[in-house]
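Remarks on the overall topology
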Amino acid sequence: MASAHDLGLPPPAAVVCDLDGTLVDTVPTRVAAWLRTFAEFGIAADRDHVASLIGSDGAWLAEQVAQRAGQPLGTADARAVDRRAGAIYGELNTDPRPLPGVAAFLRTLEEASIPWAIATSSRPEQVSVSVAALALAREPLVVDGLAVERAKPEPDLLMAAAERLGVAASACWCVGDSRWDALAAVAAGMVPVGVTTGAASADDLRQAGAAAVVDQVDALVSALAVVGAD
């Protein structure tokens, strides 16, 4: 996989990061929570299919799985499934860990004075434990799924993050592990940067529009350090 020097990315004025599978190793926990939820609701669900949808809007995810099972859900029922999945995830997500390279990546953003935010489709009650696991010196800016009507793959979440950072979306990198991150970034006009620490492959990410793909986020450190030196 290409080094940061070979990525050919424009320098970012700000960086918007996904959370699950990008900064914290929570994708397996997310999948487990969704599978338990679908079992409770009597909806047939395939593990690989569910994994491929992690990172998207929860109600939309529920609709996709139910549709595939031949058990379509209305809006209210999809939201109920989403809420239950979030509650089960909260029970399971007791000891999340930062992914390899995350500490160096976030430290470089701070040292280079590059504004950054977390944009996650999750609800606030699902986010706090994972953010705390990052052990940051200051509370990060987090834009969660309650900030918009529809989260990823819609661009609204990323646009809201850019607005709160005070930076044009077109000047931002969006760093994420799922094709939903890349699709949302393309729709928002951001530069999509894929990382293969979640459920998506490098090919999945590129096909969704990722301008570059790395194996973990610290592969971006040298590019960010150059930005800070300019």
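Residues numbered from 1 in each chain as written. Predicted model: local features only at pLDDT ≥ 70, side-chain atom pairs only at ≥ 80, totals over all residues. Heavy atoms only, no water.

1. Some points on the packing of aromatic side chains
Overall, the coordinates contain two aromatic pairs when judged by the stated rule. Where Trp34 meets Phe38, the ring centres are 5.4 Å apart and the plane angle is 25°; that geometry is what we call stacked. Here Trp34 pairs with Phe38, and both are found in helix α1 (residues 27-40), just four residues apart, close to one helical turn. Exposure class is identical for Trp34 and Phe38. Each is buried. (Phe/Tyr/Trp six-rings, centres within 6.5 Å; stacked < 30°, edge-to-face > 60°. Helix = DSSP H or I, 4+ residues; strand = E, 2+ residues; numbered from the N terminus. Buried < 20%, exposed > 50% of the residue type's maximum accessible area, 1.4 Å probe, protein only.)

2. A closer look at the pattern of salt bridges
Applying the stated criterion across every chain, the model contains 12 salt bridges. Notably, a salt bridge pairs Asp20 with Arg30, separated by 2.9 Å at the nearest N-O pair. Highlighted residues: Asp20 in the loop between β1 (14-17) and α1 and Arg30 in helix α1, separated in sequence by 10 residues. On the basis of relative accessibility, which here comes to 7%, the residue Asp20 falls in the buried class. Across the pair Arg123 and Asp82 runs a salt bridge whose closest N-O atoms are separated by 3.7 Å. On the criterion of sequence distance, the pair formed by Arg123 in the loop between β2 (116-119) and α6 (124-133) and Asp82 in helix α4 (residues 75-92) is long-range, its members being 41 residues apart. Connected through salt bridges with shared partners, the residues Asp18, Lys152 and Asp181 form a single ionic network. (Salt bridge = Lys/Arg side-chain N within 4 Å of Asp/Glu carboxyl O.)

3. Let's talk about α1
Taking 1.5 Å of rise per residue, the 14 residues of α1 would be expected to cover 20 Å, and the 20 Å separating its terminal C-alpha atoms lies within 8% of that figure. Buried within α1 we find Val27, Thr29, Arg30, Val31, Ala33, Trp34, Leu35, Thr37 and Phe38. Packed against the buried residues of α1 are α2 (47-53), α3 (58-68), α4 and α6. Of the residues trailing α1, Gly42 is marked for its positive phi of about 70°. (Expected span 1.5 Å × (residues − 1). Contact = heavy atoms within 4.5 Å.)

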